[in-house]
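# Working through the structure, step by step
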Amino acid sequence: MATDFEFRKQVLDMHMSGVIKYCYQCNRCTDYCPVAEVTDNAYNPRQNILNALLGFKDAIFSAEKIAIWGCTVCDTCDEVCPQSIELTEIFKLLKNQSVINGDAPDYYYLQAKTIFENAKAVPPQPAIERRRQQLGLPAVAAPDVNELTTLLKNMGIDKKLKGE
Amino acid sequence: MAEFKMFEGCMIGNRIPFIEASCRKVFDKLGIATSQAPFSCCPDPTGFANFDNDGWLAVGARNLALAESEGKDIISLCNGCSNTLKLVNHTLKHDNLKKDKINQELLKIGKEYKGTIDVKHFVSVLKGELEKIKSSTVKPLSGLKVACHPGCHYMRPSEVMETDDPMHPMDLKEIVIACGATVVDYGEEVLCCGSSVSNAYEDHGMAILKKKMDAVKKVGADCLVVNCPACFQQFDGKQRDLSKKFEEEFKIPILYISELIALGMGIPADELGTKFHRTRVSDILEKIG
Ligand code: SF4
Ligand code: SF4
Ligand code: SF4
Ligand code: SF4
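Cut-off values and rules
- Residues numbered from 1 in each chain as written.
- Chains lettered and ligands numbered in written order.
- Predicted model: local features only at pLDDT ≥ 70, side-chain atom pairs only at ≥ 80, totals over all residues.
- Heavy atoms only, no water.
- Near = heavy atom within 4 Å.
- 1 Å grid on protein atoms, 1.4 Å probe; cavity = no way out; pocket = protein on both sides within 12 Å on 5 of 7 lines; lining within 4 Å.
- Sits in = over half its atoms within 2 Å of the grid points.
- Helix = DSSP H or I, 4+ residues; strand = E, 2+ residues; numbered from the N terminus.
- Nonpolar A, V, L, I, M, F, W, Y, C, P; charged D, E, K, R; others polar.
- Buried < 20%, exposed > 50% of the residue type's maximum accessible area, 1.4 Å probe, protein only.
- Pairing = 2+ DSSP bridges.
- Core = buried A, V, L, I, M, F, W, Y, C linked by side-chain atoms within 4.5 Å.
- Contact = heavy atoms within 4.5 Å.

This part takes up the site of ligand 3. Inspection of the region around ligand 3 gives A:Ala121, B:Gly9, B:Cys10, B:Met11, B:Cys41, B:Cys42, B:Asp44, B:Pro45, B:Cys78 and B:Cys81 as its neighbouring residues. Ligand 3 is flanked by residues contributed from chains A and B. The cavity that encloses ligand 3 is the second largest pocket. For the shell around ligand 3, the element with the most residues is helix H1 (residues 9-14) of chain B, which contributes 3 residues. Its residues assigned to classes, the shell around ligand 3 comprises 8 nonpolar, 1 polar and 1 charged.

Let's shift gears to the pairing of strand E1 (residues 4-7) of chain B. Residues and elements named next belong to chain B. A two-sided burial pattern is seen for E1, the buried positions comprising Phe4 and Met6 on one face and Lys5 and Phe7 on the other. Bridge count for E1 against strand E2 (residues 34-35) is 2 bridges, and the pairing is parallel. Its bridge partner lying in E2, lysine 5 is registered against serine 35. Sheet topology note: the E1/strand E3 (residues 74-76) ladder contains 3 bridges and is parallel. Its bridge partner being in E3, lysine 5 is matched across the sheet by isoleucine 74.

Moving on, we get to the nonpolar core. Counting residues in hydrophobic clusters, the biggest one holds 77 residues, and the most contacted among them are A:Leu87, A:Leu94, B:Phe48, B:Phe51, B:Leu64 and B:Ile74. Here this core gets 9 residues from one element, more than from any other, and that element is helix H4 (residues 53-68) of chain B. Not counting the four nearest positions on each side in its chain, B:Ile74 is found in contact with B:Phe4, B:Lys5, B:Phe7, B:Phe39, B:Asn63, B:Leu64, B:Ala67, B:Leu85, B:Ile117, B:Asp118, B:Val119 and B:Lys120. B:Leu126, B:Ile133, B:Phe235 and B:Phe276 belong to the second largest nonpolar core, which has 71 residues in total.

All we've got here are geometric facts, nothing functional implied.
Laid out in structure tokens, this is it:
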């Protein structure tokens, strides 16, 4: 397995304090991970941290999608890690890269597109607007969709979206 | 108490607004003042943050800037939103490089976030009003056995959320007790609902949900109380599928904590829109009387 030093540097830069280096593979993260439990470790946070730390880029990005996208982001591993490693921050870096590679599960591209186009992950619907009225609720304050789209476009998010 | 900007979030605002109804009624009774702002999606800490971290920071910061321009703190009705807004706030308050980078983007749309406001989950605010909740409860819910699910992002990651013990949360339980109901422990209080993994891997989400509901069912809870719309949707909306998948009946009523408090305050179920729940709550309504 080859180490990609550029990638390794990115990983190490995630924590200013460099705590990830102190992972001693105790497996507590995986022991407490609800997804590892129900998938027989097909999703395995300890393994992801090891691969990231060693700069094993290929092992991470050519594996089955679930190897990084199986996380349910419950932040339990962050709490139980004896070395105070913020695992989910490292995982976010991996997932952001996977998005760029075009390899994330469809859901994530769809949600991003919905936010890009509507400024909301759950856009308004006429039936619910009526229900709000029935319940005596004020209308939702409408966001400035153009402004949000511009913000995201300026940051190149539109180029990461998929599908049409 | 100073007025908050209400961040209901798009799931509550645009899909399950009856939750906003109970929250608003409870806030009114307790004297918690709120006003609206044209917020966008927070955006989702388990979805969009994993899509593009800087984009997530910028959209979150723009929301914070909207509240800051009125000099008001935010009150959130949702774990996901409060997680995003608190994480973004924390990052920008502690990392000047990031703050400058994000503000450069905000500047192009005529905004800036200085970092002067705070974000509160409504449960943390209610936790500070236990006495008032007690004194406004006219229908003590004694005898009602309540299981609690505060949800991961109410208290984790703890050094940013700064609400409750990350692995032994108490806030929600204390509110339930203040309403006069009985808390039942089921041993899986801090287990995730499985909502986020369900988005790409439905089966794994269902397996986690099963573990959770098994535990709640086993202790004979009358209902499960939550404070996040994503948890609510997972529990309320998916129990029927769970029953089918595992050929075993799951029909535990799910209540938002604001609904429980409102019922204790004597607010009629009709006004709360409890009929919009997917899993029937009529059994508990009868029990409360
Ligand atoms: S819990 Fe922390 S130290 Fe232990 S294996 Fe996981 S990341 Fe490494
Ligand atoms: S955050 Fe992800 S990796 Fe960590 S325990 Fe939860 S599901 Fe597992
Ligand atoms: S995170 Fe969820 S609830 Fe919050 S604004 Fe986005 S979609 Fe709505
Ligand atoms: S329990 Fe599920 S929906 Fe609720 S906060 Fe955790 S991940 Fe989000």
